[in-house]
Structures are given as structure tokens and as C-alpha cells.
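Observations on the three-dimensional arrangement
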Amino acid sequence: MSTAPFDFGPIFRPGLPPPAARWTGRVKYDFTGGNNDPDALPLDGLIAAAAAVLKREGRTLATYGLTSGPQGYRPLREFLAAKLKSAAGIAAAADDILITSGSLQAIDLVNNALLARGDTVIIEQDCYQGSINRLLRLGVTPVGIPLDRDGIRIDALASALDDLKGKGVRPKYIYTIPTVQNPTGTILPVERRQEMLRLSQTHGVPIFEDECYSDLVWSGERPPAIYAMSERGGVIHIGSFSKSIAPALRVGYIVAPWDVMSRVLTLKTDAGSGALEQMVLAEYCTGHFARHVPALRRSLRAKLETLMESLREHFGAAAEFEDPKGGIFLWVKLPDAIDTMKLYQPALAAGVAINPGPEWSVNTGHSRSRMRLCFASPSHEEIHQGVAALAEVCRREFGLPDTRDA
Ligand SMILES: Cc1ncc(COP(=O)(O)O)c(C=O)c1O
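Below is a short write-up of the structure. None of these values were measured; they are calculated from a predicted model. (Residues numbered from 1 in each chain as written. Predicted model: local features only at pLDDT ≥ 70, side-chain atom pairs only at ≥ 80, totals over all residues. Heavy atoms only, no water.)

Counting residues in each nonpolar core, the largest one holds 51 residues, and the members touching the most others are Leu76, Leu157, Met196, Phe241 and Ile245. Elements that contribute at least two residues to this core include exactly α1 (43-57), α2 (74-88), β2 (97-100), α5 (154-166), α6 (190-203), α7 (226-229), β10 (252-255) and α9 (275-315). Ranked by the residues each element gives to this core, the list is headed by α9, at nine residues. When near neighbours in sequence (up to four residues on either side) are disregarded, Leu76 contacts Ile99, Phe241, Val251, Gln278, Leu281 and Ala282. Membership of the second largest hydrophobic core comes to 40 residues, among which are Ala40, Val332, Ile354 and Ala389. (Core = buried A, V, L, I, M, F, W, Y, C linked by side-chain atoms within 4.5 Å. Buried < 20%, exposed > 50% of the residue type's maximum accessible area, 1.4 Å probe, protein only. Helix = DSSP H or I, 4+ residues; strand = E, 2+ residues; numbered from the N terminus. Contact = heavy atoms within 4.5 Å.)

Here the focus is the pairing of strand β8 (residues 207-210). Where burial is concerned, the two faces of β8 agree: the one with Ile207 and Glu209 and the one with Phe208 and Asp210 are both buried. Of the strand pairs in this sheet, strand β7 (residues 174-176) and β8 are connected by three bridges, and their pairing is parallel. Pairing of Tyr175 across the sheet is with Phe208, part of β8. On the question of chirality, the crossover connecting β7 to the parallel β8 by way of α6 is right-handed. Of the pairings in the sheet, the one linking β8 to strand β9 (residues 235-240) comprises four bridges and is parallel in character. Bridge pairing in β9 links Phe208 to Ile236. (Pairing = 2+ DSSP bridges. Right-handed = clockwise from strand over helix to strand, strands pointing away.)

With that settled, the discussion passes to the packing of helix α10 (residues 340-349) against helix α12 (residues 380-398). Running from N to C, α10 and α12 cross one another at 120°; their axes reach a closest spacing of 10 Å. One finds that α10 runs oblique with respect to α12. Judged by the sense of rotation from one axis to the other, the crossing of α10 with α12 is right-handed. Contacts from Lys342, Leu343, Pro346 and Ala347 in α10 reach Leu390, Val393, Cys394, Arg396, Glu397 and Phe398 in α12. (Axes fitted to C-alpha atoms, helices over the stretch in contact; angles between N-to-C directions. Parallel < 35°, antiparallel > 145°, perpendicular 65-115°, else oblique. Left-handed = near helix turned anticlockwise from the far one by under 90°.)

Scope: geometric values only; no functional claims are made or implied.
Structure (C-alpha cells):
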């Protein structure tokens, strides 16, 4: 008998994505991903909530779905219904909400219900990598619409819809991150939301609204959700606790009309999302969310100030950016000579991880010299040192920023 290890190679299904690399640990200066500020995590509150809810109703864990049915822990859905009403103007009952394992699962479920290979969807040109990659893997064509300081450009959206119509293509949805866009940090004003709804109705294309950063607007004021503004339905809304509490909890949600919800429910075949997380969140958030979020915003804003200061100090005019209105990312334009896909590896070797622009955009020409920096997770000191180290790598690899820039 052969002692060679079993070879799975020939039996993997065709069309699998390339194999994953083994995780080699976090780098010293990590500006990647959508990680949160560890110091702003409401740990004591979560510990107290876990103890209280487990003592009171922990035995319900013996039942799949607790005693709340397939849409998730009812007190969490009730908290969300109240919060979505007061914060975003959404009139949804607990039964209009499905709790998911992060909003990534929400995206997968909606895509699974609506998309088939060969379909077309409209997205913002610079966009969440997780959404872009999912579309590409499904064999769906994303049509990117450029953004300006106020988010997606409605004139460009209107032309794209007309253009597609002319070709006999009806996109399956318009995907948007209207309230603190990832990666640009823009907020779509209410007038543009109205215009988008009008276009959506004229062309019979629904809107898929992704709002995981909407609690992190510095001013605390946000326009109503597009879902809330729609009089005729046609909007699917998703959100998450990843950015307002903690991403590792993996709790997100979908708000949708019943004809969509009833389809999505049949596709959620995991027998329920993690119940303990839902219980702890409901217990904590019902009493404390409203006080926690402003404190989180202050700590994130302070880190953004440190990042912008560090970039001005070490890159000077070579780093261009808008001061985002909230969130955890800065979308930075470097000089045209810098290809951030080529900057990525040498930066990593120097202990600095960045997200290169082309991975967060469907327009590689536009995003080639851009990068996304997450400022929530590194400490102030790490931000400072990491930006200095990144400037050094840029200078060594591309001769920029030169000393007159910084
Ligand atoms: C726009 C957007 N949508 C969805 C997600 C997924 O978040 P989660 O699955 O942690 O809720 C992210 C994460 O960064 C995001 O930026």
C-alpha cells in the first residue's frame, strides 16, 4: 500500500477559486480589513449582558432557533425594529427582519435569490471588495458607476441604465452603500436617494442598500435609509453589528418585503445564526447601544485625525484624500507613478499592510494609485509609525513622496 498522502486534487469540483494561503499572523502595522477599535469594544457591558441573558433564558439554547423561529432571536429583531425606525426612518416590524451570520451572509442570500450566471448588476465603481468578488465568482457582470464627494453620481447612473436598456439588458439590482460608502466614506444626500428611487422605479430595477457603517457618521445625523423613502417597496436593506459593536460576533440582518424574505428564508439552510451572540447583543444593545455608539464615534474620529496628520507629515502633497464623514476608512490617492498593487508586497515586507485600490474598485485605471487604509484597529502610535514606514517604502520603490512633498 502506498504511504503517499491522499490526493484530493482530481476530485475538487471545477471552477473553485484559487486555494487559500495559510494565515501567517497579523502584521505590525495593519491598515487592512474592516476591523474595529479594540479599546472601544464595550467589553464590561457584553460580559454583564452575557451573564444576565444566560441566567434568565440560557436553557432555550437547547432548541434550534431558541424559541424565536427561523428569523432569529426575537428580542434582537425588536431592538433592530426600534433602532431602524429612530435612526433610519424604516418602518419595519420584527417579522420583516432576518438575522444573518454577518451581513456577508445577507449578501450571499440576496445574491442567491436573485442572481444567475450571465446577469448584470449596477454597483458603485469603488466598492466593497467582498461584494465585487462575490459577483465575479457568480459570473455576474458588475457595471460600475463613478462617485463624487456626494456618493454615486446620478447622471452617470441614469446614463448607464439607459445604455443597458438600449442593449436589452435589465440589471438585477442597483447595489449601493449610501451612508458612509466603502471605501470613499461619502454619504448620499437625500435628493440623490430620491432620484435613485425614481430611476429604480422607471427602469424596474430594485435597490440593494448596504448600510453597515451608518451608525458611524461623525455628526450623528444621517439621511433616511432608501428603504424608508420607498413608497412602492423595491428596496432590500441589509446591516450589521460588525462596525458598531464587533465584527467577530458575525451578526448582521436583512430587512425585506415578504416576497423576498420568504424566498431568502428557504435559502438560509444553516439552522440559524449563532444564538449566543444574538442573545448577548439584544441584552446589551437594548440598554446601552445609544450611549456606546457616540463614544465609539469619538474614538474613531480621533484615530482618523491621527491618520490624516501622519499622512500630511510623511506624504505631504503626495497623498490626497477627502475628510470622510464617518466610518473606519480613508481612501487615499497617491501620485500616478505609484501602482498600489506593486506597493502592496514591499509594504508588507516592511510590516505595513494596506488594501490596494484595484481590489476595491471595478475601474482599475481609476484605482491604480489609490489605497484604502482602515484606521479603526491600529493604535494612534501604530498609525503614526505605520504611515512613516509606508512613506519610506514608497520612496524606496517609486522615488515618491520626494522630500519637497513631505
Ligand atoms: C459594505 C460592506 N458590506 C458588508 C460587509 C460585511 O460585514 P459583516 O459580514 O461583518 O457584517 C462589509 C465589511 O467590511 C462592508 O464593508
